Amino acid sequence: MRAQLFDGLLDDVPRAPLATLPTPLERGPELPGGARLWVKRDDLTGLGAGGNKVRKLEFLCGDALRRGARTLVTVGAAQSNHCRATAAAGSVLGLDVHLVLAGDRPERPEGNQLLSDLFGAQFHFTGAPSHHWGELEIAREEITAGLVDAGAVPYTIPMGGSTPLGALGYALAFAELVEQCEDLGVHPDAVVFTSSSGGTHAGLVAGRALLRAQGRGQPAELPDLLGIGVARGVIADQQFVAELAVTALELAGCTPDQAAAMIRPGDIDVDGGWLGDDYGTPTRAGDEAIRWAARHGGWVLDRTYTGKGLSGLLGNAARWGAGDDVVFVHTGGMPAVFASGGFPS
Ligand SMILES: *Cc1c(COP(=O)(O)O)cnc(C)c1O
């Protein structure tokens, strides 16, 4: 892909080419309030039904291969898009994949689980609720340790692939988006996206900081970043996103001091007002946003992530007016629509 704005900055970081890039940037309808909506189609990253995790997995799997791993282990909610994308990455790269999942083994897999099964992944059901992330992470560590004991060489990936390496995928995505906007002569005021495990947000923040440091855009020319929080952790602990962004900048060649100075206090903005009761519990506003997207652009959003994310964008629409441009990053999630309870009826 292009991302020429970074001038080969990340060329030395191992990367498995898994995504089809650049993803399209589509012109959408007018928002309530008069701003123009644009949709960055990261649901169309290609691999195994797409979504934002594919960009992260390019760097995570690059690292896994460099370390000689033969097995990927990761963890997620019962309908984890990240687990499904990891399963697809494993089939492309010829690696075994073990998925540590919330809930119990269903009679028949649905949605993302159906795809993960098709991609050949092995499931480990924990019985944990989908929002008990701590419990799930402990189970991932135990299963990874068990694989090591059995002589495997696993590469283990935390929730959502939200490590500094994974975040690099979204630093590049930010540059890709800025280039597309320049080509179109569009100067977005804001880029809005769904934030859950924080890696997408951290990567975008890091990418923005890199462009700012290169003096490639005056600050006012670079769009604001607004994350819509759909999990308690990322809403409560925005410092986590900042730390992830700083470490991602170090991987991009910045010294620790440079990296720390490049992320400024106002850089991280998470609106936690659209979560509802908890991660994975649908909201009325999210379901309305799903219908709005379907009927305004034929976009398919899901109830855990992008529906709530767009509800946050629509709920903030008064921030922008006629003549403004706002980008929504469609981070994927379609397979969950086909699992029971996945569609607002
Ligand atoms: C994982 C995911 C997100 C959130 O990305 P994070 O990097 O975990 O914050 C948003 N949308 C969809 C569809 C996802 O699967």
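By convention here, each chain's residues receive numbers from 1 onward along its written sequence. At least 70 in pLDDT is required for a residue's local features to be given in this predicted model, at least 80 for side-chain atom pairs to be given and counted, and no such filter applies to totals for whole chains, interfaces and linings, which use all residues. Note that water and hydrogens are dropped before the side-chain values are worked out from all heavy atoms of the structure.

### Looking at the nonpolar core
Here comes step 1: For this analysis, a nonpolar core means a set of buried residues of the types Ala, Val, Leu, Ile, Met, Phe, Trp, Tyr and Cys, connected via side-chain atoms within 4.5 Å. In this scheme, a residue with accessible area under 20% of its type's maximum is buried, one over 50% is exposed, and one in between is partly exposed, where area comes from a 1.4 Å probe on protein chains only. Ranked by internal contacts, the top residues of the largest apolar core, which has 73 residues, are Leu18, Leu57, Leu99, Tyr155, Leu168, Leu249 and Ile263.
Here comes step 2: These domain limits were set by an automatic method or by a database of domain assignments. Both domains that furnish three or more residues to this core are identified here as domain 1 (4-51 + 163-338) and domain 2 (53-161).

### What to know about the packing of helix H6 (residues 199-213) against helix H8 (residues 238-251)
Here comes step 1: With their axes 8 Å apart at the nearest point, H6 and H8 run at an angle of 50° to one another. If you check the angle between H6 and H8, you find them oblique. Where H6 crosses over H8, the two elements pack in a sense that is right-handed. Between H6, through Gly199, His201, Ala202, Val205, Ala206, Ala209 and Leu210, and H8, the contact on the second element is made entirely by Val241, Leu244, Ala245, Ala248 and Leu249.
Here comes step 2: Considering only residue class, the contact of H6 with H8 consists of 10 nonpolar, 2 polar and no charged. Axis definition: a line fitted to C-alpha atoms, over the contacting stretch in the case of helices. Angles run 0 to 180 degrees between N-to-C directions. Think of it this way: any DSSP run of H or I at least four residues long counts as a helix, any run of E at least two long counts as a strand, and we number them from the N terminus. An angle below 35 degrees is read as roughly parallel, one above 145 as roughly antiparallel, one from 65 to 115 as roughly perpendicular, and any other as oblique. Crossing handedness: left-handed means the near helix sits turned counterclockwise from the far one by under a right angle, and right-handed means the same turn made clockwise. Contacts were defined at the residue level, with two residues in contact if any of their heavy atoms lie within 4.5 Å. Each residue gets one of three labels, nonpolar for Ala, Val, Leu, Ile, Met, Phe, Trp, Tyr, Cys and Pro, charged for Asp, Glu, Lys and Arg, and polar for the others, Gly among them.

### Structural notes on the layout of surface pockets
Rolled over the atoms, a probe with the dimensions of a water molecule shows which regions are left empty.
Here comes step 1: Using a grid of 1 Å spacing that covers the protein atoms alone, one calls a set of points a cavity when a 1.4 Å probe fits there but cannot get out, and a pocket when the set is open and has protein on both sides within 12 Å along at least five of seven lines; lining residues are those with an atom within 4 Å of a point. Grid points are joined across faces, edges and corners, and a volume is the space filled by probe spheres set on the points. Considering only enclosed or pocket space, the largest pocket measures out at about 380 Å³ in volume.
Here comes step 2: What lines the largest pocket is a set of 20 residues, among which Gln79, Ser130, Gly280, Thr304 and Ala336 lie closest to the centre.
Here comes step 3: When its residues are assigned to classes, the lining of the largest pocket shows 8 nonpolar, 9 polar and 3 charged.
Here comes step 4: Each of two domains, domain 1 (4-51 + 163-338) and domain 2 (53-161), supplies a minimum of three residues to the lining of the largest pocket.

### Examining the pattern of salt bridges
Here comes step 1: Definition used for salt bridges: Asp or Glu carboxyl oxygen within 4 Å of a side-chain nitrogen of Lys or Arg. Taken as a whole and judged by the stated rule, the model has 15 salt bridges.
Here comes step 2: With a shortest N-O distance of 2.8 Å, Arg55 and Asp42 are connected by a salt bridge. With a gap of 13 residues between them, Arg55 in helix H1 (residues 53-66) and Asp42 in the loop between strand E2 (36-40) and H1 connect regions that are remote in the sequence.
Here comes step 3: Among the residues examined, Arg55 registers a relative accessible area of 1% and is labelled buried.
Here comes step 4: The salt bridge partner of Asp267 is Arg212, with a shortest N-O separation of 2.7 Å. Separated by 55 residues along the polypeptide, Asp267 in the loop between helix H9 (256-262) and strand E9 (270-271) and Arg212 in helix H6 bring together distant segments of the chain.
Here comes step 5: One continuous salt-bridge network, built from bridges that share partners, spans Lys40, Asp42, Arg55 and Glu176.

### Quick look at helix H4 (residues 133-149)
Here comes step 1: The end-to-end C-alpha separation of H4 is 24 Å, in line with the 24 Å expected for 17 residues at 1.5 Å each.
Here comes step 2: The inward-facing, buried residues of H4 abut strand E3 (71-76), strand E4 (96-101), strand E5 (122-125) and strand E6 (154-157).
Here comes step 3: Among the residues trailing H4, Gly151 stands out with phi positive, at a value near 95°. For a helix, the expected span equals 1.5 Å multiplied by the residue count minus one.

### Brief notes about the sheet that holds E9
Here comes step 1: Pairing between strands is defined by DSSP: at least two bridges between the two strands are required. One open sheet holds the 6 strands; their spatial order is E1-E2-E10-E7-E8-E9, and the pairing between them is mixed. In this open sheet, the two edge strands, each paired with only one partner strand, are strand E1 (25-30) and E9.

### Focus: the domain arrangement of the chain
Here comes step 1: Under the domain assignment, the chain is made up of domain 1 (4-51 + 163-338) and domain 2 (53-161).
Here comes step 2: Between the C-alpha centres of domain 1 and domain 2 there is a distance of 24 Å.
Here comes step 3: Tallying the contact residues gives 39 residues for domain 1 and 34 residues for domain 2.
Here comes step 4: For the pair domain 1 and domain 2, the two sides together bury roughly 2900 Å², of which 66% comes from carbon and sulfur.
Here comes step 5: We define buried area as the total accessible area lost by two parts upon association, computed with a 1.4 Å probe and summed across both. When the area that domain 1 buries against domain 2 is broken down by residue, the three leading residues are Leu18, Leu47 and Tyr279, summing to 19%.
Here comes step 6: Between domain 1 and domain 2 we count 3 salt bridges in total.
Here comes step 7: Linking Arg15 and Glu58 is a salt bridge whose minimum nitrogen-to-oxygen distance equals 2.9 Å.
Here comes step 8: Polar contact is the term for a pair of N or O atoms within 3.5 Å; when the atoms are in protein, one must be able to donate a hydrogen and the other to accept it, and sequence-neighboring residues count only if both atoms are side-chain atoms. Where domain 1 meets domain 2, there are 12 residue pairs in polar contact (both at pLDDT 80 or more).

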